[in-house]
Amino acid sequence: MSDIDKIPLVFASLGEQELAAVAEVFASGWPAGQGPKGKALEAQLKQRYGAGDAVAVSNCGAALHLAMLAFGVQPGDEVIVADYTFPAPAHAVRYVGATPVFADVRADTGTIDPRAVADLVTSRTVGIIAVDTVGLPADYAPLQAIADRHGLFLVEDAACAVGATYQGREAGALAEVACLSFHGRKGATSGEGGALISTDPAIGAKARQLSSFGIGSIFDMGQVIGLPIPEFTEIGYNFKLSDIAAAILQVQLGRIEELMGRRRAVAARYAELLADEDLLTVPHVPADRTHAWQSYLVTLDPSVDRGAVATELRAQGIGTLHGTWASHVQPAFAARQVCPVSADLFQRNLGIPMHAELTMSQVERVCEVLRSALRTHAQPTRTLKGAA
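For clarity, every value in this text was computed on a predicted model and none was experimentally measured. (Residues numbered from 1 in each chain as written. Predicted model: local features only at pLDDT ≥ 70, side-chain atom pairs only at ≥ 80, totals over all residues. Heavy atoms only, no water.)

*Asks:* Please provide a residue-by-residue account of empty space enclosed by the protein, values included.
*Replies:* It is a probe the size of a water molecule, rolled over the atoms, that shows where empty space is left. Per the counting criterion, the structure on display carries 3 cavities of 30 Å³ or more. The calculated volume of the largest cavity comes to roughly 50 Å³. The wall of the largest cavity is formed by Phe11, Ala12, Ser13, Lys186, Gly187, Thr189, Gln252, Leu259, Arg263 and Ala356. Split by residue class, the lining of the largest cavity holds 4 nonpolar, 4 polar and 2 charged. (1 Å grid on protein atoms, 1.4 Å probe; cavity = no way out; pocket = protein on both sides within 12 Å on 5 of 7 lines; lining within 4 Å. Points joined across faces, edges and corners; volume = space filled by probe spheres on them. Nonpolar A, V, L, I, M, F, W, Y, C, P; charged D, E, K, R; others polar.)

Structural data, given as structure tokens:
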């Protein structure tokens, strides 16, 4: 099979505009972090999200880590985190010596269940990290009510959700702190990259300082006449985003509506072609929100051998993935919680190709091969969708 016949799971939409932006950085002589392009990107993000501050960083994991530090999370504290996700939120909680407490998710959306969150609050709980699961915003109105009732912080992990909305508001502006990702499979990408968006300028200032070894911007110091010598007054980290990546992101954010429109069209065609398939369920998007479609996950009937289906798709050049993770079962966390909905989705979800470069003929081929594989690898005594 030639490469031209393959349909990748993900593919970044990068082209001449992005290359031209990188050439400008090369010519400027400042490719490192916190330079003029980084500052311009932060201003663009601050305006887009109506934020008190926006801090460009190396990745979303760094943004989550900085959020925990800015909120002063300590060993002995507990932070409730969404279970069905790439487990970066739980990692961030562990980085500061605190305990992640895993909350189960809604069966229809895969997003954190506010009822599960409410049941997990204890005297040791200091905050909540919700996740916009593969691009679908969580239920922020009830989550914020829980946070307010108990005096907790609320962080939005919007890693997958740039371009999505909840009750008319942008994902990335749905909590007091939001963390974004610009990884290669996201709707807007610089290959790697992230940002911390905060309603409180003080949190942004703290995160910016800590992201640069605790000494602030070397670029800014270089603009001062004289010889400023920074002092290391606290231990910080090297989480800066290069100006090369920042320049790419400025272009990508300017294209976000175009790129989201293409993803939405792909998702709509998948839903149309797979609507009558009783061996899977297509994603559910509640009426009060929109999806960024970082990924397209179908939920297979329990009778289907997911591994065999994935193997067949890959053999025919179609990219696929298990979905995302039930974090509480990962050995690294030794979690005490049980999250049965998340565990079930972890076993039955399947990711099929989703990106802005997909053609409708490719979408149709994916669905044709997927339907055939489902029938080949389902047990005869299947449970039909909607059956008792």
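We are not done yet, so read on.
*Asks:* Residues and numbers for the environment of Phe239, please.
*Replies:* Relative to the elements of secondary structure, Phe239 occurs in the loop between helix H8 (218-222) and helix H9 (243-254). For the pair Phe239 and Asp148, spaced 91 residues apart in the sequence, the C-alpha separation amounts to 30 Å. Setting aside chain neighbours within four positions, we find Phe239 in contact with Ala56, Val57, Ser58, Ala62, His65, Leu66 and Ser211. (Helix = DSSP H or I, 4+ residues; strand = E, 2+ residues; numbered from the N terminus. Contact = heavy atoms within 4.5 Å.)

*Asks:* Give me unusual backbone geometry: which residues, what numbers.
*Replies:* Generally, phi is negative for residues other than glycine and the peptide bonds are trans, each holding for most cases. The phi angle at Val134 is positive, at roughly 45°, despite the residue not being glycine. With respect to the helices and strands, Val134 occurs in the loop between strand S4 (125-131) and helix H6 (140-150). Since its relative accessible area comes to 14%, Val134 is described here as buried. Phi is positive for Trp293, which is not a glycine, with a value near 55°. With respect to the element layout, Trp293 can be found in the loop between strand S11 (289-290) and strand S12 (296-300). Taking relative accessible area as the criterion, Trp293 reaches 10% and is therefore assigned buried. (Buried < 20%, exposed > 50% of the residue type's maximum accessible area, 1.4 Å probe, protein only.)

*Asks:* Tell me about helix H4 (residues 88-95), residues and numbers included.
*Replies:* Residue pairs three or four apart in sequence face the same way in an α-helix, which turns once every 3.6 residues. Among the residues making up H4, those that are buried are Ala88, Pro89, Ala90, Ala92 and Val93. Buried residues along H4 sit against helix H3 (60-70), strand S2 (78-82), strand S3 (99-103), S4 and strand S5 (153-157).

Interpretation note: all reported values are geometric properties and have no functional meaning in isolation.
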